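# What the coordinates show
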Amino acid sequence: MGLTADVAAAVVLGTGAGPRITGVGHGTEPARLGDRTLTALPGARAAVAAALARSGLRPHQLDLVELGGPTLFDEVLQLEAAGLAEPGTGLTGYAAGAWVNPSGGAAAGDCHPCGGLLRFVEAVRRRPGKALVVAGSAVASQTTTAVIIEEP
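The notes below deal with the structure included here.

What counts and how
- Residues numbered from 1 in each chain as written.
- Predicted model: local features only at pLDDT ≥ 70, side-chain atom pairs only at ≥ 80, totals over all residues.
- Heavy atoms only, no water.
- Helix = DSSP H or I, 4+ residues; strand = E, 2+ residues; numbered from the N terminus.
- Buried < 20%, exposed > 50% of the residue type's maximum accessible area, 1.4 Å probe, protein only.
- Contact = heavy atoms within 4.5 Å.
- Core = buried A, V, L, I, M, F, W, Y, C linked by side-chain atoms within 4.5 Å.
- Salt bridge = Lys/Arg side-chain N within 4 Å of Asp/Glu carboxyl O.
- Pairing = 2+ DSSP bridges.
- Axes fitted to C-alpha atoms, helices over the stretch in contact; angles between N-to-C directions.

## Thoughts on the overall build of the protein
On a plain count of helices and strands, the protein comes out with four helices and four strands. The order of helices and strands in the protein, counted from the N terminus, is β-α-β-α-α-α-β-β. When the 152 residues of the protein are sorted by exposure, 41% land in the buried category. At a minimum sequence separation of 6, the contacts of the protein that also span at least 24 residues come to 66%.

Printed below as a string of structure tokens:
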């Protein structure tokens, strides 16, 4: 029998000259899997679009992307939802881009429920210039959060 627990995790960014969060977005999808478009992740697309709009950046201006999902499939769809790969080409873009998940993403292990926070920490550690962090919930990305991190 597994243990049930409530989990909380946090990252504290200092007040000095370091990375700044310049955009945050959140997207949700219907609770029922049958009501979702699982090949397009519109909630992830909305989250990324909101984060980019708040930061004033466009996808091509990003230096690093950390995608957080329980599987490679989730991360590939997040890459497409972010507008960084055309629909159906995410796997090729993921494989060709050294700037996509240099941490390893899901291949490094998905630590639900704080996998997105781990991707955030990895992005900050790499001093990215301009980075996008995307994390979806464990159940087919019903909720997705996107954060833009910029170095001063």
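## Observations concerning the nonpolar core
For soluble globular proteins, the rule of thumb is that nonpolar side chains tend to be buried together. With 19 residues, the main nonpolar core has Leu-62 and Leu-132 as its most contacted residues. When residues of this core are traced back to their parent elements, those giving at least two are helix H1 (42-55), strand S2 (64-68), helix H2 (72-81), strand S3 (130-136) and strand S4 (143-150). It is H1 that provides the largest number of residues to this core, a total of four residues. Phe-120, Ala-131, Val-133 and Val-147 belong to the second-largest nonpolar core, a separate cluster that totals eight residues.

## Focus: H2
The element H2 is extensively covered by neighbouring structure, given that eight of its 10 residues are classed as buried. Regarding H2, the residues found buried are Asp-74, Glu-75, Val-76, Leu-77, Gln-78, Leu-79, Glu-80 and Ala-81. Looking at the buried positions of H2, the neighbouring elements they touch are H1, S2, helix H3 (90-96) and S3. Of the residues flanking the end of H2, it is Gly-83, one or two places downstream, whose phi is positive at about 80°.

## Describing the pattern of salt bridges
Taken as a whole, this structure holds four salt bridges when the rule is applied. Asp-35 is paired through a salt bridge with Arg-32; the nearest N and O atoms lie 3.6 Å apart. The class for Arg-32 is exposed, based on a relative accessible area of 57%. With a shortest N-O distance of 3.0 Å, Arg-125 and Glu-122 are connected by a salt bridge. Here the residue Arg-125 and the residue Glu-122 both occupy positions in helix H4 (residues 115-125), the gap between them amounting to three residues, near one helical turn. Here Glu-122 falls in the buried class, since its relative accessible area comes to 17%. The network of salt bridges with common partners includes Glu-122, Arg-125 and Arg-126.

## Brief notes about the sheet that holds S3
The mixed open sheet is built from four strands, whose spatial order is S1-S4-S3-S2. Each having just a single partner strand, strand S1 (20-28) and S2 make up the two edges of the open sheet. Pairs of neighbouring strands in the sheet enclose a mean axial angle of 15°, with direction left out of account. Where S1 and S4 come together, eight bridges link them in antiparallel fashion. Its bridge partner being in S4, Gly-27 is matched across the sheet by Thr-144. The strands touched by H1 are S1, S3 and S4; relative to S1, the strand with the most contacts, the crossing angle is about 155°. In the packing of H2 onto the sheet, the strands contacted are S2 and S3, and the crossing angle to S2 comes to about 135°.

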